[in-house]
Amino acid sequence: ENETQFNHTLTRNLAVMETEVTRQMWADLLALQPTLPADPTDISYGSGMTNPTQNMSWYETVLFANLLSVQNGLTRCYYTDASFTVPVDATNYKMGPFHCNFAASGYRLLSEGEWEYAARAGTTTPFSCNETNYASGNCYTCTAGTHPTLEQYAVYCANDTGKSEPVGSKLSNPWNLKDMHGNVYEWCWDWYTTYPGDTTDYTGPVSASKRVLRGGCWGSFARGCRSAYRANFTPDDRGGLLGFRLVRSVN
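Draft legend 1. Region of interest: the sheet that holds strand 6 (residues 185-191). Strand order in this open sheet of four strands is 9-8-6-10, and the pairing throughout is mixed. If you trace the sheet from one side to the other, it starts and ends with strand 9 (230-233) and strand 10 (242-243), each paired once. Where strand 6 lies against strand 10, two bridges are found, and the strand directions are parallel. In the sheet register, Tyr185 faces strand 10, and the bridge partner there is Leu242.

Set out below in structure tokens:
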């Protein structure tokens, strides 16, 4: 009921991270940008440095993106004002308000529409891989072998070990993006709400109470790993299921 289809036109050229942000990426940026908080990962749910970093709030993903932009000499995307003059940094990242300059060259979270576009990679099936065994009668099944194709592409409840796995441990989608299905949920920019009608470059409502997460996680049913599946948490929520990847708008 929260997945009503509409025509969504995307006009930005995107460079999407191949994997979710890892614990090593977090450690590397922290060494260069010491105002970044310590890695929030709950190591009970994946302790390896190539595992996705997790257990971070939405606020920390925005700060990470801005600091990575600074480190690489790019224009920051996130600001506390609509005129883009006061950047989000370590002094204000928990307070907001938050505004995104989608035209900036720096790193940012994907919008929900961009995320689904990247996850589908041109496909129209429930997953970017063609899982022919998926059906309404087994979409909540966690029995190994029920969805043999999906198990090659996603870390989810049919093959998880109670935690995340190293990024890229499963097959990539047609655009070489890995873990778009499963492993950890990925924070998106948008506030969560019902879909609009046909639109262009939609980035969600101006305000709401929860932010969108996409992709499912290591504990999800197959249903929750679909390209269309929508989840939502408050921006200060944490958990060993929550991660992120970044994108840049490029010419």
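Picking up after the structure, the text goes on.
Draft legend 2. Inspection of the sheet that holds strand 11 (residues 247-250) at higher detail. Strand order across the open sheet formed by three strands is 2-11-5, with antiparallel pairing between neighbours. At either end of the open sheet lies a strand with only one pairing partner, and these are strand 2 (13-16) and strand 5 (107-108). Strand direction decides the pairing type here: strand 2 and strand 11, joined by four bridges, are antiparallel. Following the sheet pairing, Leu14 is matched in strand 11 by Ser249.

Draft legend 3. Region of interest: the pattern of salt bridges. Within this structure, the stated rule accounts for 13 salt bridges. Two residues, Asp201 and Arg12, come together in a salt bridge whose shortest N-O distance is 4.0 Å. Placement of Asp201 in the loop between strand 7 (199-200) and strand 8 (211-214) and of Arg12 in the loop between strand 1 (8-9) and strand 2 is noted, with a sequence separation of 189 residues between them. Take Asp201: its relative accessible area is 17%, and that puts it in the buried class. You can call Arg12 partly exposed: its relative accessible area is 24%. Among the salt bridges present, the one from Glu116 reaches Arg120, with a minimum N-O distance of 2.9 Å. Taken as a pair, Glu116 and Arg120 lie in helix 3 (residues 112-120) at a separation of four residues, close to a single helical turn. Relative accessible area serves as the criterion here: at 17%, Glu116 is assigned to the buried category. In the salt-bridge network here, residues are joined through shared partners; they are Glu112, Glu116, Arg120, Arg214 and Arg230.

Draft legend 4. Broad picture of the side chain of Glu186. In this structure, Glu186 sits in strand 6. With a relative accessible area of 0%, Glu186 lands in the buried category. A distance of 2.8 Å separates polar atoms of two side chains, one belonging to Glu186 and the other to Trp115. Once residues lying within four places of it in the same chain are set aside, the contact partners of Glu186 are Glu20, Trp115, Asp179, Met180, Val212, Leu213, Arg214, Gly243, Phe244 and Arg245.

Draft legend 5. Region of the structure containing the environment of Thr132. The residue Thr132 is located in the loop between helix 3 and helix 4 (150-153) in this model. Distance from Thr132 to His147, taken between C-alpha atoms, is 8.0 Å for residues 15 residues apart in sequence.

Draft legend 6. Broad picture of the packing of helix 1 (residues 23-32) against helix 2 (residues 58-71). The contact between helix 1 and helix 2 brings their axes to 11 Å, and the two run at 60°. Regarding the angle of helix 1 to helix 2, the classification is oblique. For the pair helix 1 and helix 2, the crossing hand works out as left-handed. Residues Met25, Trp26, Leu29 and Leu32 of helix 1 form the contact with helix 2, whose participating residues are Glu60, Phe64, Leu67, Leu68 and Gln71.

Draft legend 7. How the structure looks around the nonpolar core. Among the nonpolar cores identified, the biggest contains 34 residues, and Phe64, Tyr78, Leu109, Phe244 and Leu246 are the most heavily contacted of them. The set of elements that each furnish at least two residues to this core consists of helix 1, helix 2 and strand 6. Here this core takes eight residues from helix 2, the largest share from any one element. If sequence neighbours within four positions are ignored, Leu109 has contacts with Trp58, Thr61, Val62, Tyr78, Glu114, Trp187, Cys188, Trp189, Phe244, Arg245, Leu246 and Val247.

Reading the values: the criteria
- Residues numbered from 1 in each chain as written.
- Predicted model: local features only at pLDDT ≥ 70, side-chain atom pairs only at ≥ 80, totals over all residues.
- Heavy atoms only, no water.
- Pairing = 2+ DSSP bridges.
- Helix = DSSP H or I, 4+ residues; strand = E, 2+ residues; numbered from the N terminus.
- Salt bridge = Lys/Arg side-chain N within 4 Å of Asp/Glu carboxyl O.
- Buried < 20%, exposed > 50% of the residue type's maximum accessible area, 1.4 Å probe, protein only.
- Polar contact = N/O pair within 3.5 Å; in protein donor to acceptor, adjacent residues only side chain to side chain.
- Contact = heavy atoms within 4.5 Å.
- Axes fitted to C-alpha atoms, helices over the stretch in contact; angles between N-to-C directions.
- Parallel < 35°, antiparallel > 145°, perpendicular 65-115°, else oblique.
- Left-handed = near helix turned anticlockwise from the far one by under 90°.
- Core = buried A, V, L, I, M, F, W, Y, C linked by side-chain atoms within 4.5 Å.

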